[in-house]
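Below are the chains, spelled out letter by letter.
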Amino acid sequence: MTEQETPGAVARWLSLVAADAELSPYLTGVDRDRLTEQVARALTTKIELPYLGWSEAEQRRAESYLRRRSFWEEVEDRCPGLLPERDAPLIEAALRRLTDRPDRPEKLALLSVLGRAYRRFGLRPEHQTVLDDALRATVPWQEVERAAKAAGDGPAWWPVEVLDHDLACDGVAILTVRPWRRLPYRPGQAVPVCTPRRPGRWRWLCPANAPRPDGTVELHVRAVRSGAVSTSLVHQVRPKELLYLGPPTDTGLSLRDGDLLLIAGGTGLAPLRAIVEQVAAAPDGRQVTLIAGSRDVASLYDAITLDKLEQAHDWLTVVPAFSHDPLAEPRERGDALTVALDHLRGEQQVYVCGPPAMLAGSRLRLLAVGVPGERIHLPDRIPWR
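Our subject in this report is the structure included herewith. Everything numeric here is computed off the predicted structure, so don't read it as measured data. (Residues numbered from 1 in each chain as written. Predicted model: local features only at pLDDT ≥ 70, side-chain atom pairs only at ≥ 80, totals over all residues. Heavy atoms only, no water.)

For Arg101, which is not a glycine, the phi torsion comes out positive at approximately 60°. Backbone geometry at Lys240 places phi at a positive 80°, although glycine is not the residue there. Assignment of secondary structure puts Lys240 in the loop between α9 (228-235) and β6 (242-245). On the accessibility criterion, Lys240 (74% relative accessible area) is exposed. (Helix = DSSP H or I, 4+ residues; strand = E, 2+ residues; numbered from the N terminus. Buried < 20%, exposed > 50% of the residue type's maximum accessible area, 1.4 Å probe, protein only.)

Set out below in structure tokens:
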């Protein structure tokens, strides 16, 4: 292998290992720069791959990825021009992940991206065997085809550059990203997000801002124990890195007419803050109350921005709600929904967004205090995490 070919081969090997459900855990906590150098040395000098603690069988599988032609090369041989070389690794990683039986929210994110890719690249049933052979796996193509029929036309993903990464509080990061081309989304929508650090894995996130003239998008991310993507976004990703955003999807949180009561728990604040910014562009005499829930004062991660918004708009009232802070003011003490019920007025449209435990009983509680079902809006078009 030539010196010029080595970097591409190493990157391909890392992508294949990271997309392998059994091998990817061995990459956790590994110094990637050092590993890259060691794999490059193994390629050029024929020495063994670095040992990462895997079994003998896993070592053999890792070594087989070094000898394998790329997914794109195998597809290109049988279907010239079917896939652009620059996009093939994303498609490959997403298809591999789909065959690993991901959980439902991640699966829907994958299908959103793959459905668009299926339409975008003109894939047809006769291409499926070629792609399966190149993957050495069987993809559930019926699901991809159904997603393709439901998907609109347009890009499958938007490359974005990370401009800023702020660890806002323990376990929560605010990322500002700039798409290479404008992302056509509306406040309250969700987009699948992927980092090359976790190939093939996509996670739903809602932009926290209304569309801006400069096209930048703010993402609020909480690292969760079982979330490979969220953990990477919070603790590993840094400015100037590349991410991918998938096609925007409605969640049931689009803006309606009338006064608003917005109830946020944790990073569920993101889409509701975007709605506040949307209202700011055309208030129309409406009143908006935003309840921002967190465990305690230290966990209210976006307090400065919320304060600036409240100071700038006399129609906006921001009320913090602290579920586990004994020093909080009495009117601010309790979970977000309990505090919000004290601010329920007239014909408000009521929006709730937060962790699953918060969403689970919120509709019943609101119905019980007399809010009509048509004025209750939760992120129920996609599973929320």
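For the rest of this paragraph, the subject is the sheet that holds strand β2 (residues 172-179). If you trace the six strands from one edge of the open sheet to the other, you get β4-β3-β6-β1-β2-β5, paired in antiparallel fashion. Edge strands, defined here as strands with exactly one partner in the open sheet, are β4 (203-205) and β5 (217-222). Going from strand to strand, the sheet's axes swing by 40° on average, the running direction of each strand aside. (Pairing = 2+ DSSP bridges. Axes fitted to C-alpha atoms, helices over the stretch in contact; angles between N-to-C directions.)

Counted according to the given criterion, the structure contains two aromatic pairs. Judged by centre distance (5.6 Å) and plane angle (65°), the ring pair of Tyr26 and Trp54 falls under edge-to-face. Within this pair, whereas Tyr26 is found in the loop between α1 (6-18) and α2 (32-45), its partner Trp54 is found in the loop between α2 and α3 (56-67), the two being separated by 28 residues in sequence. Classification of Trp54 as buried rests on a relative accessible area of 2%. On the basis of an interplanar angle of 55° and a centroid distance of 6.3 Å, the ring pair of Tyr118 and Trp141 is categorised as tilted. Of this pair, Tyr118 sits in helix α6 (residues 104-120) while Trp141 sits in helix α8 (residues 141-150), placing them 23 residues apart in sequence. Residue classification places Tyr118 among the buried residues on the basis of a relative accessible area of 9%. (Phe/Tyr/Trp six-rings, centres within 6.5 Å; stacked < 30°, edge-to-face > 60°.)

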